Amino acid sequence: MSAASQDVATRNSIFVRAIIYVVLILFAIYYLLPLYVMVVNSLKPLDEIRQGNMLALPKQWTIAPWLSAWSTAQIGVQPVGLKPYFINSVLMVVPAVALSTILGALNGYVLTKWRFKGDNIVFGLMLLACFIPFQIVLIPSARILGLTGLAGTITGLVLIHAIYGLGFTTLFFRNYYEAFPTELVRAAQIDGASFFQIFRRILLPSSGPIIVVTVIWQFTNIWNDFLFGSSFSGFNSIPLTVALNNLVNSSTGVKEYNVHFAGAILAALPTLIVYIVSGRYFVRGLMAGAVKG
Amino acid sequence: MSFLKISNLYKNYGQVEILKDINIEIDKGGFLVLVGPSGCGKSTLLNTIAGLEPITSGEIAINGKSVAGLHPSKRDIAMVFQSYALYPNMTVAGNIAFGMEIRGVPKDERDKAIKQVSDILQIGHLLDRKPSQLSGGQRQRVAMGRALVRDPQVFLFDEPLSNLDAKLRVDMRTEIKRLHQRMKTTIVYVTHDQIEAMTLASKIAVLKDGILQQFGTPAEIYNSPANMFVADFMGSPAMNLLNCRLEGGAGSSLSVILDRPGDQPLALPIKLANGALGAYAGKEIIFGVRPEALTDPDGADRNAKSIAEGECLIEVVEPAGSDTFAVTKLGGKEVVARLRADAAIHAGQKTKLAFNLDKAVFFDPKSQLRIA
Ligand SMILES: Nc1ncnc2c1ncn2[C@@H]1O[C@H](COP(=O)(O)OP(=O)(O)O)[C@@H](O)[C@H]1O
Ligand SMILES: [Mg+2]
């Protein structure tokens, strides 16, 4: 190949590269625009929003809408802000995620390393749980919560979310442990380790990536859930998503868009943080299942 | 009294019979090798001894006591796995001491035991490393260390050397033999490599398709294989198994008649034929002769009582340094002869070969069982 044509080739590849970057940047702007609008308008006084330009930067910066959304805004009939509901959500999400992850890991462990007659049928049924729509389980769940006296409590919500998530967490862990060498379990058996000792000392230490995947998955799903939250919560257990809806729909006086924007960002913040902190492991964990060895 | 005794053992996976009527016993301090092609059930048999797999019927007894229903950790065994199965999250020392830790052995005792074992295996400098930081040979040693530290009644080895490269494999083989001579603990050792089986074993059990083909000392297995499978499987290069006709009988002496391409059939008179062979006079049988029993006349065993010689057309000559292998054709098959390194032979020429008939074996072509 002559030097000239090589030159053309290089110039071509630079050109292609430039186009790719331009397209990528356009997409990034397109995706980030809503977030930009929310952030910008949550930092303006309400007057500025009413004047019309949603895309403009604030002329007068203020964090008052954030403070209001957090602690004084009218939610339904009470002027308490989102804070108590944020706490409700945390109290619901943390135990539900922990419970479903631990049980999913145990299920995966049993289904791959302590196989029993009909284990594949059990796994198939659990998989089916992943495909059952929320709406179908609403009424049976309500009935069970009523019978157990857990209706309207945070414990009840934890239970529903943990059980509903079990299909997914079991699927994740089973597929991960399927590739885990069974000889290690056998070696530990000969060493005299018990069922739980093998789980805790041999399997769990190697489960980092899949735990991250499961926790992110469960955290975002449960944190963002609206249907179970609005169906099963009582006066003292309303989660943040439902409260946000109440905030936006509170019909006293003017619509405080800046406060609504701030509240929406507050509600999304935890999932954002979880993704940013552990997103790298998330991808790695997903890959670990896909590519063996 | 036998120390490890397996009687009438059957093992099924669902409807499939994996092990069929296995009977094996080995004395205290013995070295039992289970050998056979891949998939024949060796690992399964070893796992049933370890208690990692339940058996369908039959009995396994260690030191006179049945181990039925005993948990693997209660059988007083230690196992080395083919993949080594080192706990990836623990250091070498942690791996070796894990069993003791579970049993609640105090820390200073554990450290003493780790020290002792790591001295024997020369892995003292590796104790703080994780398995992922070790070479294949080092991992193998650590796996051995984890077994040694238990000081069990029986060691179980599942193809411990098959993941090592050729040179290291030979070294470790010697080392395992040395360890056994020193500790005198009973060992059950699984391999698909017949050389490992011959060099290590005090008793060999040859398995095929879950059926015990033959159980005996290495010499018995090698010299008097029970059937054609064992004859072919044990020994390298493999035994020559040739179609031939048996002539004579009823008073006259017997001869083996082998067809040769482009020549008269070769007749080998058998001087010391036993009675069983006589019944096959006039019939087609399989004549088995190992390459080292088929030599140049000068290289033939001087103590052999029955040697027959015959001219054979050499097709290929393969000098191997210590010996020269020659390929000829008899009874319609290629035959490997093992000659002295400096034997004067050339491909395409006829050469006189000596058959050591003391070492020859005969098989029934239908049942494949040995006649004599
Ligand atoms: N868990 C199992 N379920 C069904 N079949 C099995 C199982 N484990 C092994 N087998 C079968 O048993 C036979 C013997 O296996 P194995 O003992 O591992 O052979 P090897 O002699 O190579 O060690 C093989 O045919 C294998 O397919
Ligand atoms: Mg095997």
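Residues numbered from 1 in each chain as written. Chains lettered and ligands numbered in written order. Predicted model: local features only at pLDDT ≥ 70, side-chain atom pairs only at ≥ 80, totals over all residues. Heavy atoms only, no water.

Under the annotation held in an unreviewed UniProt entry, chain B carries the name Multiple sugar transport system ATP-binding protein and is attributed to Aminobacter niigataensis. Word for word, the UniProt comment on chain B under Sequence similarities (unreviewed entry) is "Belongs to the ABC transporter superfamily." (UniProt positions renumbered as here; feature names shortened; annotations may be inferred.)

Per an unreviewed UniProt entry, chain A carries the name Glucose/mannose transport system permease protein and comes from Aminobacter niigataensis. UniProt's Sequence similarities (unreviewed entry) comment on chain A is quoted here verbatim: "Belongs to the binding-protein-dependent transport system permease family." Under the UniProt heading Subcellular location (unreviewed entry), the note attached to chain A is "Cell membrane".

Draft legend 1. Here's a closer look at the overall build of chain A. Helix and strand content of chain A: 13 helices and zero strands. In sequence order, the secondary structure elements of chain A are arranged as α-α-α-α-α-α-α-α-α-α-α-α-α. Radius of gyration (C-alpha) of chain A: 25 Å, far over the 19 Å computed for a compact globule of 293 residues. Principal axes of the C-alpha set define a box for chain A whose edges measure 80 × 75 × 30 Å. Counting contacts in chain A only where the partners sit at least 6 residues apart, residues at least 24 apart contribute 70% of the total. Surface summary for chain A: the accessible area is close to 16,200 Å², and the carbon and sulfur share equals 71%. (Helix = DSSP H or I, 4+ residues; strand = E, 2+ residues; numbered from the N terminus. Rg over C-alpha atoms; globule rule 2.2 N^0.38 Å. Contact = heavy atoms within 4.5 Å. Areas by Shrake-Rupley, 256 points an atom, 1.4 Å probe, with all protein chains shown as cover.)

Draft legend 2. Fine view of the packing of aromatic side chains. Counted under the stated rule, the structure contains 25 aromatic pairs over all chains. Here the aromatic rings of Tyr109(A) and Phe195(A) are separated by 4.8 Å at their centres, their planes lie at 45 degrees, and the arrangement is tilted. Taken together, the positions of Tyr109(A) in helix 4 (residues 83–113) and Phe195(A) in helix 9 (residues 195–203) put the pair 86 residues apart, joining distant regions of the chain. Given the relative accessible area of 27%, Phe195(A) is considered partly exposed. Judged by centre distance (5.7 Å) and plane angle (10 degrees), the rings of Phe219(A) and Trp223(A) are stacked. Taken together, the residues Phe219(A) and Trp223(A), both in helix 10 (residues 208–224) and four residues apart, mark about one turn of the helix. What makes Trp223(A) buried here is its relative accessible area of 3%. Each residue in the set Tyr109(A), Trp114(A), Phe195(A), Phe196(A) and Phe199(A) is aromatic and connected to the rest through ring pairs, giving one cluster. Looking at Arg290(B), its charged tip hangs above the ring of Tyr222(B), at a distance of 3.8 Å from the centre. (Phe/Tyr/Trp six-rings, centres within 6.5 Å; stacked < 30°, edge-to-face > 60°. Buried < 20%, exposed > 50% of the residue type's maximum accessible area, 1.4 Å probe, protein only. Lys NZ or Arg CZ within 6 Å of the ring centre and 35° of its normal.)

Draft legend 3. Geometry of the domain arrangement of chain B. Residue and element names in this part refer to chain B. Examined at the domain level, chain B breaks down into domain 1 (4–232) and domain 2 (240–363). Distance between the C-alpha centres of domain 1 and domain 2: 39 Å. Counting from both sides, the interface comprises eight residues of domain 1 and, opposite them, seven residues of domain 2. The largest contributions to the domain 1 side of the interface with domain 2 come from Tyr 222, Met 228 and Ala 231, which together make up 66% of the buried area. At the junction of domain 1 and domain 2, the tally comes to two residue pairs in polar contact (both at pLDDT 80 or more). Elements with a minimum of two residues in the side of domain 1 that touches domain 2: helix 7 (218–223) and helix 8 (228–233). (Domains from an automatic or database assignment. Buried area = accessible area lost by both parts, 1.4 Å probe. Polar contact = N/O pair within 3.5 Å; in protein donor to acceptor, adjacent residues only side chain to side chain.)

Draft legend 4. A look at the UniProt feature "domain: ABC transporter" (unreviewed entry) in chain B. Taken from the UniProt record, the annotation "domain: ABC transporter" (unreviewed entry) applies to residues 4–234 of chain B. Secondary structure across residues 4–234 of chain B divides into 37% helix and 26% strand, with the first and last C-alpha atoms of the span separated by 24 Å.

Draft legend 5. Molecular detail of the sheet that holds strand 19 (residues 350–356) of chain B. All names here are of chain B. Judged by pairing direction, the sheet is antiparallel, and its five strands sit side by side in the order 15-19-16-17-18 without closing on themselves. A strand with exactly one partner marks an edge of an open sheet, and here the two such strands are strand 15 (294–295) and strand 18 (333–340). Here strand 15 pairs with strand 19 via two bridges, running antiparallel. From the neighbouring strand, Leu 294 faces strand 19, where its bridge partner is Phe 355. (Pairing = 2+ DSSP bridges.)

Draft legend 6. Structural view of the pairing of strand 17 (residues 323–330) of chain B. Residues and elements named next belong to chain B. Across the eight residues that make up strand 17, a large majority, seven, are buried. Taken together, the eight bridges between strand 17 and strand 18 define a ladder with antiparallel strand orientation. Bridged to Lys 329 within strand 18 is Glu 334. Between strand 17 and strand 18, which pair antiparallel one after the other, the connecting turn spans two residues, and Gly 331 there sits at a positive phi close to 55 degrees.

Draft legend 7. Summary view of the pattern of salt bridges. All names here are of chain A. Within the structure shown, the criterion is met by 15 salt bridges over all chains. When the shortest N-O distance is used, the salt bridge between Glu 178 and Arg 174 registers 3.9 Å. Here Glu 178 pairs with Arg 174, and both are found in helix 7 (residues 154–178), just four residues apart, close to one helical turn. Under the relative-accessibility criterion, Glu 178 is labelled partly exposed at 40%. Given a relative accessible area of 14%, Arg 174 falls into the buried group. (Salt bridge = Lys/Arg side-chain N within 4 Å of Asp/Glu carboxyl O.)

Draft legend 8. Quick look at the interface of chain B and chain A. Contact residues are listed per partner, giving 26 residues for chain B and 15 residues for chain A. Summing both partners gives a buried area of about 1,800 Å² for chain B against chain A, and 58% of it is carried by carbon and sulfur. Among the residues chain B hides against chain A, the three largest losses belong to Leu52(B), Tyr87(B) and Ile102(B). Together they make up 27% of the total. For the interface between chain B and chain A, the tally reads two salt bridges. Of the charged contacts in the structure, one is a salt bridge between Glu53(B) and Arg186(A), with a shortest N-O distance of 2.7 Å. Our enumeration of links across chain B and chain A arrives at eight residue pairs in polar contact (both at pLDDT 80 or more). Listed by contribution, the elements that provide at least two residues to the side of chain B that touches chain A are helix 1 (42–50), strand 6 (77–80) and helix 2 (92–102) of chain B. Among the elements that make up the side of chain B that touches chain A, the one with the highest residue count is helix 2 of chain B (four residues). Residues belonging to the side of chain B that touches chain A are distributed by class as follows: 15 nonpolar, seven polar and four charged. (Nonpolar A, V, L, I, M, F, W, Y, C, P; charged D, E, K, R; others polar.)

Draft legend 9. Spotlight on helix 2 of chain B. Taking burial as the measure, the 11 residues of helix 2 of chain B include nine buried ones, the bulk of the element. Where helix 2 of chain B is concerned, the buried positions are Val92(B), Ala93(B), Asn95(B), Ile96(B), Ala97(B), Phe98(B), Gly99(B), Met100(B) and Ile102(B). Buried residues along helix 2 of chain B sit in contact with helix 8 (182–190) and helix 9 of chain A together with helix 3 (107–121) and helix 4 (136–148) of chain B. Phi for Gly104(B), located one or two positions after helix 2 of chain B, is positive at around 80 degrees.

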